[in-house]
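Structure at a glance
So the chains spell out like this:
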Protein chains: 2
Amino acid sequence: MAYPYHMNINKPFKILVADTFPAQAIKQLEQADFAVSNKPHIQPQELLEEAHQYEILIIRSKCRLKTEFFKNPQKLMLIGRAGAGLDLIDLEAAHEAGIHIVNAPEGNKDAVAEHSLGLMLSLLHKIWASAQDIRRGVWDRNKHTGFEIKGKTIGLIGMGNMGRATAQLLQNFGCKILAYDRVQMLQGLPSYITSVSLAQLKQEADIVSFHIPLDEQNYQLVNETYLNAFKKSIYLINTSRGEIIDHSCLLPLLNAQKLLGIGLDVFENEKIETHTPHQKLLYDQLRQDDRVIMTPHIAGITHDSFEKIGSVLVQKILSWRSSLIQN
Amino acid sequence: MAYPYHMNINKPFKILVADTFPAQAIKQLEQADFAVSNKPHIQPQELLEEAHQYEILIIRSKCRLKTEFFKNPQKLMLIGRAGAGLDLIDLEAAHEAGIHIVNAPEGNKDAVAEHSLGLMLSLLHKIWASAQDIRRGVWDRNKHTGFEIKGKTIGLIGMGNMGRATAQLLQNFGCKILAYDRVQMLQGLPSYITSVSLAQLKQEADIVSFHIPLDEQNYQLVNETYLNAFKKSIYLINTSRGEIIDHSCLLPLLNAQKLLGIGLDVFENEKIETHTPHQKLLYDQLRQDDRVIMTPHIAGITHDSFEKIGSVLVQKILSWRSSLIQN
C-alpha cells in the first residue's frame, strides 16, 4: 500500500481523537509517543476542517467523511473507526487518497452477539410482550406461551466478526446454525456452523439474524420479496445497519404472520427529529406493537466494549506504524 | 418402596389427567394400555374428590394437595406433576401414604434456562429499559450503555436440572460460572462449572440466578441480609419460586444500588386478585421500574416444553409400572 510519504516518521505522529475514547487507550497512545489531541466534543464542521492537520484521526459516528473530505488529505494517513461499521466513510475516495482505514469489530463483536441473542430470547420466550402486559396490570400465563431456541434453525446472514460471535454463543443451545455470507468468508468456520446457500437458509431457518455491513449492495437488501422467500414464518433480528431493511414491509409481514417477531437495534433513519411524516407513522406503529422490540442502536456499545474497542484500535495503530517504519 | 398393593395390576391402571396435557402423550398412555380420563377443565374441588378413584393422577398447578388429601388414598398410587416444582404437594404426607411422586424437570429445564438467560441479557444490555424508552418516544443511546456477560462471574444457586441447563447455555460466553447447592448435588459437574461455598459465591458474583425448590428451608431465604452479603452490586434473576425471596427488600436494595437490575418470573403471590394492599403497592412500584423485568411465571412453559414434559412424564410412568410388575 502507498502512503503519502512526505513526512518525517521520526517526528511523533499527531492524533485527533474526535469522540469519546477510553482514558486508558489515550494513555497507551501517549506512552507510545503519539501526540494526542483529545477533543471528544469537537463539532462536525470543525472536525472536517482540522482533521487534515493530523496524521491520524480517530472517530466514532459524529459525521460522514464524504468524497470531498479526501480531496486534499494533506498530513492525514490513517483513520481509525472506534467501532465496526465503515458506512459513514467514502472508502473508495479514502483508498484513492492513499489513506489507510482501520476499525475495531473485534472490540464489540461480543456486545453485538449478546444483544442479538437477548433480542431473540426476548421475542421467542415472550419476555418483552408478557412484561409489557404486567406493566399494564395484565397477568396472563396462557397468552404468552413462547418457543425455545433449542431445536430451532438459526440463519445467520454475514459471517464476519459479529456473525461468528453470535454463532459461538449459540453453540450449546442445541439449535442448528446455518450461515450465509456473500463473499464466502467461510475459512476456518467452526464445525458447529453449517455454511449454506442463501436459498437453503431460506428453506430451513426459523430465526434470521443479520450481521452484514451497509454498502450499495446491501442497501434495502431485505424487502417483502426477500422475506417472503423464507419457507417458514420467522423471527427477524437486525443489529447491523437499519438501511439494509426496507422497513415499510415489516408491519404487513407481521400482520400476515410471515414474521412472528422483530428485534431491531438499528433503523433506516435514527435521527428521530428528521423523520418524514411517513417514517413517523411507520415507527409509531412498530414501537407500539408487542411483537416488535426496538433498542436505540446500543448493541455494540457496552461499558466493556468501549474499553475493548479502544484497546483493539490502539494495537492496530501501533501495528500500522511499525509497518511504516519497516518498509 | 411399599405401594398399596391391594390391586390387580393386570387390570389397566386408570389415569386422571387433570390439566392440559399433550395429545401425543395421552395417545402414548392409551397405547400402553392405561385407561385415560382426560379432564383438563376439571374444577379443583372435583379433582380432590375424584382423584382417589384412579391409580394415577397427572396435575400441573390447579390446586394444592394437602395433608388431608393423602389421608385415605384408596386406589391412588402415583402422582405425576407435569412440570418441575413439587411445592403444591405435601410430600411427607404422600410418602406416608405410600404414594409415589414423579415430576418432569428434564422437560422444561431448557425453557427455564433460556428464559433466565433472556432476563439476564435484557437487564445487562438494557434491552428492556431502552425499548421502554423508545415506546415512550425517547431515543437515548448514551443513557442505555449496558454490560456484557463476557468477563463477568455468574453465581448459580441450585445445581439441579435448571441450574445445570443454565450453566450449559453460558458455557461459551467467556464468563466464570460458580455454583452453590445446599445438598452438594455436584457429582458429574462439567468442568466449566466451579463448585464453591455460598460465602465464596457472594464474594465474587456479578449476577446471581436462583434455581432452587420451594420448601421450608428455602422459604424467604433471600432477604436484605442475604443480598447485602454479596460483595459487589449484583443483578438478580429468579425463575424458581417467588416465595424464596422476601420481596419487600427489593426496592430499597435497588435504590441503594446494591441491586443493579432484577428479573423475576415468579412472585410471592401470583394471584393478583388476592393481593393485600401492601402487596399491591409493592408490585405496582416494581412493575413501573425500568430496572425490573417481570414475566408471568412462563419460564418453564413453552410450546416445546409442553410436549417434552408430556413425553418425560409418560416415560417415568411407564418405568414405574414396569418396576411394579418386576417386584
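Cut-off values and rules
- Residues numbered from 1 in each chain as written.
- Chains lettered and ligands numbered in written order.
- Predicted model: local features only at pLDDT ≥ 70, side-chain atom pairs only at ≥ 80, totals over all residues.
- Heavy atoms only, no water.
- Pairing = 2+ DSSP bridges.
- Helix = DSSP H or I, 4+ residues; strand = E, 2+ residues; numbered from the N terminus.
- Axes fitted to C-alpha atoms, helices over the stretch in contact; angles between N-to-C directions.
- Buried < 20%, exposed > 50% of the residue type's maximum accessible area, 1.4 Å probe, protein only.
- Right-handed = clockwise from strand over helix to strand, strands pointing away.
- Domains from an automatic or database assignment.
- Buried area = accessible area lost by both parts, 1.4 Å probe.
- Salt bridge = Lys/Arg side-chain N within 4 Å of Asp/Glu carboxyl O.
- Polar contact = N/O pair within 3.5 Å; in protein donor to acceptor, adjacent residues only side chain to side chain.
- Contact = heavy atoms within 4.5 Å.

Considerations on the sheet that holds strand β4 (residues 78-81) of chain A
In any sheet, the strands associate via hydrogen bonds between backbone groups, in a parallel or an antiparallel arrangement. Residues and elements named next belong to chain A. In spatial order, the strands read β2-β1-β3-β4-β5; together these 5 strands make up an open sheet with parallel pairing. The open sheet terminates on both sides in strands that have one partner only, identified here as β2 (35-38) and β5 (100-103). Pairs of neighbouring strands in the sheet enclose a mean axial angle of 20°, with direction left out of account. Where strand β3 (residues 56-59) lies against β4, 4 bridges are found, and the strand directions are parallel. Within β4, the residue paired with L57 across the bridge is I79.

Digging into the pairing of β4(A)
Side-chain positions along a regular strand alternate between the two faces of the sheet. Residues and elements named next belong to chain A. Of the two faces of β4, both are covered, the one formed by L78 and G80 as well as the one formed by I79 and R81. In this structure, β4 lies alongside β5, joined through 4 bridges in parallel fashion. Within β5, the position partnered with R81 by the bridge is N103. Handedness of the crossover joining β4 and β5 through helix α3 (residues 91-96): right-handed.

A short note on the domain arrangement of chain A
Residues and elements named next belong to chain A. Each domain of chain A was delimited in the assignment, giving domain 1 (14-103 + 304-326) and domain 2 (107-294). Centre-to-centre, using C-alpha coordinates, domain 1 lies 31 Å away from domain 2. Overall, the association of domain 1 and domain 2 removes approximately 600 Å² of surface from exposure, summing both partners, and the carbon and sulfur fraction of that is 51%. For domain 1, the biggest contributors to the area lost against domain 2 are D87, S305 and K308; these three give 57% of the whole. Seen at the junction of domain 1 and domain 2, the total is 2 salt bridges. R241 is the salt-bridge partner of D87, the closest N and O atoms lying 2.9 Å from each other.

Section: the side chain of B:H247
Residue and element names in this part refer to chain B. On the secondary structure map, H247 appears in the loop between β10 (234-238) and α9 (250-255). Given a relative accessible area of 0%, H247 falls into the buried group. Polar side-chain contacts of H247 include one of 3.0 Å to the backbone oxygen of I245. Discounting residues that sit within four places of it in the chain, H247 has contacts with G242, L264, V266, F267, E268, L282 and Y283.

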